[in-house]
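Geometric and topological summary
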Amino acid sequence: MKFAIVLFALFAVAVAAPPQEVQILRSESDVGPASFKYAYETSDGAQAQADGQLKQVGKEEAIVVRGSYSFVADDGLTYTVNYVADENGFQPQGAHLPVAPEA
């Protein structure tokens, strides 16, 4: 009986342990009047990078952004999304994302 109580107590302590604090391993940015770049990486496996450029679209100015981000999900797998965001909207691509059927 004592063994079961000790085992239960150890299990409770392990489950109640606070989550690890995430550390920033790398952080870079460069922001200008017509463009920007940034990148970061954290200790939990998350990463992101993007760069944006000002673009003339007809008579309007728009920002075109190309980038990617990745993260480690609860299932332990790393998921990556590559994207473009421009006058046509946000256009993500990733092996885990659903794809619309051809029209």
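Above this text is the structure in question.
In this report, we go over the structure that sits alongside the text. (Residues numbered from 1 in each chain as written. Predicted model: local features only at pLDDT ≥ 70, side-chain atom pairs only at ≥ 80, totals over all residues. Heavy atoms only, no water.)

**Concerning the pattern of salt bridges**
Per the counting criterion, the structure on display carries three salt bridges. We note a salt bridge from E28 to R26, for which the minimum N-O separation is 3.6 Å. On the accessibility criterion, E28 (44% relative accessible area) is partly exposed. On the basis of relative accessible area, R26 is assigned to the partly exposed category, the value being 30%. Here K55 makes a salt bridge to E87, at a shortest N to O gap of 3.2 Å. Of this pair, K55 sits in strand β3 (residues 47-57) while E87 is found in the loop between β5 (78-86) and β6 (89-93), placing the two residues 32 residues apart along the sequence. Among the residues examined, E87 registers a relative accessible area of 39% and is labelled partly exposed. (Salt bridge = Lys/Arg side-chain N within 4 Å of Asp/Glu carboxyl O. Buried < 20%, exposed > 50% of the residue type's maximum accessible area, 1.4 Å probe, protein only. Helix = DSSP H or I, 4+ residues; strand = E, 2+ residues; numbered from the N terminus.)

**Some details on the packing of aromatic side chains**
Tallied over the entire structure, the rule returns four aromatic pairs. Note on Y69 and Y83: the rings are 6.3 Å apart at their centroids and 45° apart in plane angle, and the pair reads as tilted. Residue Y69 is located in strand β4 (residues 60-72), and its partner Y83 is located in strand β5; the two are separated by 14 residues in the primary sequence. Its relative accessible area of 12% is what places Y83 among the buried residues. Relative to F90, the ring of Y83 lies with its centre 5.3 Å away and its plane at 40°, an arrangement referred to as tilted. (Phe/Tyr/Trp six-rings, centres within 6.5 Å; stacked < 30°, edge-to-face > 60°.)

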